[in-house]
Amino acid sequence: MQILLRTFRYLKPYRKYLVALVLINIVIAIAAVIPPFIYKQFIDIISQKPLTIDYSIEVFKLIGLYVLVQIIENGLTSIDWYYSVIWRRTIRDGLIINTMTRAFSVQQQYFQDKTIGEIIEKINNGIQEATGMYLFYPRDLIEPLVRSIISLTIITAIDIRIGFLAPPYIFFHHKRVKANKDYLPQRREKEEKAAGSVTEALYSLESSKVNSNPLYILKKAKRLLKRSFTLQKIQIKKVNLYGFAGELLLNSAVAISLGFTAYNIYFGEMTLGDLVLVTTLSNNLLRPISRILQQQMRLQETIIGLERFFDILEAPLEAEHFKGNIKPQKLNGGVSFENVTFGYDHKKPILKKVSFSVNPGQVVALVGPSGSGKTTITKLVSGLYVAQEGKISIDGEPIVEYDLPSLRKHISTVFQDPFVFSDSIKNNLKFIKPSATNKEIKQVLKLANLYDFIKTLPKGLNTQVGERGVKLSGGQKQRLAIAQAFLKDAKIIIFDEATSSLDAENEQLIKEAMQRLMADRTTFIISHRLATVLHADQILVIEKGKIVEQGTHHDLKETGGLYDKLYKLQTTDPEKLEELDLVE
């Protein structure tokens, strides 16, 4: 019940739809119970009384009443179906947008140990269950429940002995529900794991075909699906066993009811119309109860799906760590770390007592072995994570004092593998600045050394780049990301391995674009290729989460430390490397 109340809280704007559908279905249920009484009166008249004019008029009245009831019932059913579909779409779309909005605000730690497939499966199931519960349960649960209660009350009133079979039926139904509930959480978890495996396989089609063993990936997905299916088979066996016993008792009750009625007719205590009444009411009882049972089983699936959905909707928000007192209109770009310690797992710190200061407009290079904590530093600057110890400041103010969305307007990151939306080149830039004009877009593309390439495309800026930018080369995606950074015009720029794995021509074009972008901006450069950082204002050499060396290229080259070792590993001619460097 608690999970349903939580769901109603999220669906508060749509409660009027639920109230309308519940009222409609209650009227439908009442209307559905009226025809058996019309049948009884009709049979009693034509079987027991002479067909006089008065009785003929009474028969036609009953026929007219029957037609009227059917028109009301069918009309309301049509209205119920129509608005269920319309409102379901309204609620579904609203939930999708709300969930996306929430996902953008959830703390990054939540996503660390989850695959995109698991998250998508949770969202899809949760939205489907929430909309179904809100709109289809009035028709599939409320209406048959009201109808069966009225029918059972009348049948029991005819012969109270029928009610004696209710306790055994309730017992078997309870066992059925419990058997279903026991297996649902495990099954859902395994289904999400399987969906995650399938989604990963689809995302990595090209890489899997070339670099991996597709049979291994398929076997993994098949294994996960089989585990889920095995649990479901066990679940269904138990559920159906108890369900069969319960249905047998229910049908026995109806059979007994018909037997009692026939007995009473034989001794003149009941009429033939009463038999028709009991028969039709029994039908009104059996079919709704079957629907109710199905919906109760479905309700359990709904609750499990919603619980896993709320895992996302109620995940901790980034804003919980940020007070929102400062909403900067502009930044100078000063950054400082004071004894900062951080780990994705609190027991295993990645950064340990890290301290450094960056003046506005300076270029800072982060170098060191893989896994030393370079990218983690930039994630802390971006507010994706919060330091567990120490203090991070932007322009002299603790980062936690800032309003995070306002702060991020002044920070831009160019990733090693930039994400490109499946849309046109123009719209990929408008995602950054929706109000950007064609003139602004062309200008930033020129600054990013990408405009000459776009001019060669038949559709120019309107060229579709494919899913994840598959129609662009790695260097072109990098330059598109740099163009986005120019358009955002942020004061703090982060280059995360922006020139790795590129050919010489693309690397030169990107370095030139980087040089333009870094002008008068605070810049963090993460790079394993030291040719891109020789002229940084300061270089932070990081090893095992600590800054082991700090200074300019020329200072560090003289120390004979880790930086000098990395530098010599990359070239046998350092002077030649400096001459080729384009970031000055």
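Cut-off values and rules
Residues numbered from 1 in each chain as written. Predicted model: local features only at pLDDT ≥ 70, side-chain atom pairs only at ≥ 80, totals over all residues. Heavy atoms only, no water. Phe/Tyr/Trp six-rings, centres within 6.5 Å; stacked < 30°, edge-to-face > 60°. Buried < 20%, exposed > 50% of the residue type's maximum accessible area, 1.4 Å probe, protein only. Helix = DSSP H or I, 4+ residues; strand = E, 2+ residues; numbered from the N terminus. Pairing = 2+ DSSP bridges. Axes fitted to C-alpha atoms, helices over the stretch in contact; angles between N-to-C directions. Contact = heavy atoms within 4.5 Å. pLDDT = per-residue confidence, 0-100. Salt bridge = Lys/Arg side-chain N within 4 Å of Asp/Glu carboxyl O.

1. A word on the packing of aromatic side chains
Within this structure, the stated rule accounts for 8 aromatic pairs. Taking 5.1 Å as the distance between ring centres and 85° as the angle between the ring planes, the aromatic pair formed by Phe-342 and Tyr-344 counts as edge-to-face. Accessibility expressed as a relative area gives 0% for Phe-342, which makes it buried. Relative to Phe-431, the ring of Phe-421 lies with its centre 4.4 Å away and its plane at 55°, an arrangement referred to as tilted. Taken together, the positions of Phe-421 in the loop between strand E6 (411–414) and helix H12 (425–430) and Phe-431 in the loop between H12 and helix H13 (438–447) put the pair 10 residues apart, joining distant regions of the chain. The rings of Phe-342, Tyr-344 and Tyr-385 are connected pair by pair, giving a single aromatic cluster.

2. Considering the sheet that holds strand E9 (residues 538–543)
Spatially, 6 strands are ordered E6-E7-E8-E3-E9-E10 in an open sheet, and the strand pairing comes out mixed. The sheet terminates laterally at E6 and strand E10 (546–551), the two strands that pair on one side only. Put simply, the sheet's adjacent strands are angled 20° from each other on average, direction ignored. In the sheet, E6 pairs with strand E7 (residues 492–496) via 4 bridges, with the strands oriented parallel. When the bridges of E7 are listed, Ser-412 appears paired with Ile-493. Most of the contacts of helix H10 (residues 374–381) go to strand E8 (residues 522–526), to which it runs at about 150°, and overall it touches strand E3 (363–367), E6, E7, E8 and E9. Across the sheet, helix H18 (residues 562–570) touches E3, E9 and E10, and the angle it forms with E9 is around 95°.

3. Describing the sheet that holds strand E1 (residues 335–342)
Pairing is antiparallel in the open sheet, where 4 strands are placed in the order E2-E1-E4-E5. Where the open sheet ends on each side, the last strands, each with one partner, are strand E2 (351–358) and strand E5 (397–398). By the bridge criterion, 2 bridges tie strand E4 (residues 389–394) to E5 in an arrangement that is antiparallel. Note on E5: the bridge partner recorded for Ile-394 is Glu-397.

4. A look at the pairing of E4
Across 5 bridges, E1 lies against E4 in antiparallel orientation. Along E4, the bridge assignment pairs Val-335 with Ile-394. As consecutive antiparallel partners, E4 and E5 are separated by 2 residues, and within that stretch Asp-395 has a phi angle of approximately 50°, a positive value.

5. As for unusual backbone geometry
With phi around 55°, Lys-353 is a residue other than glycine that occupies positive phi space. Along the chain, Lys-353 turns up in strand E2. Within the chain, Asp-489 stands out as a residue other than glycine whose phi angle is a positive 55°.

6. Overview of the confidence of the model for the protein chain
Looking at the protein chain, pLDDT values average 79 and 82% of them are 70 or higher. Mean pLDDT across the secondary structure elements of the protein chain bottoms out at helix H19 (residues 574–580), with 45, and peaks at E1, with 95. Contacts of residues 574–584 to residues separated by more than four positions or lying in other chains number 26 contacts, the stretch itself having pLDDT below 50.

7. Let's talk about the side chain of Ser-336
Here Ser-336 lies in strand E1. Beyond its immediate chain neighbours, meaning those up to four positions away, Ser-336 contacts Phe-356, Ser-357, Lys-391, Ile-392 and Ser-393.

8. Thoughts on the pattern of salt bridges
Counting across every chain of the model gives 9 salt bridges. Here Lys-353 makes a salt bridge to Glu-389, at a shortest N to O gap of 3.5 Å. Here the residue Lys-353 occupies a position in strand E2, and Glu-389 occupies one in strand E4, the gap between them amounting to 36 residues. Relative accessible area serves as the criterion here: at 40%, Glu-389 is assigned to the partly exposed category. A salt bridge links Glu-440 to Lys-433; the shortest N-O distance between them is 2.8 Å. For Glu-440, a relative accessible area of 28% gives the class partly exposed. The network of salt bridges with common partners includes Glu-73, Glu-143 and Arg-147.

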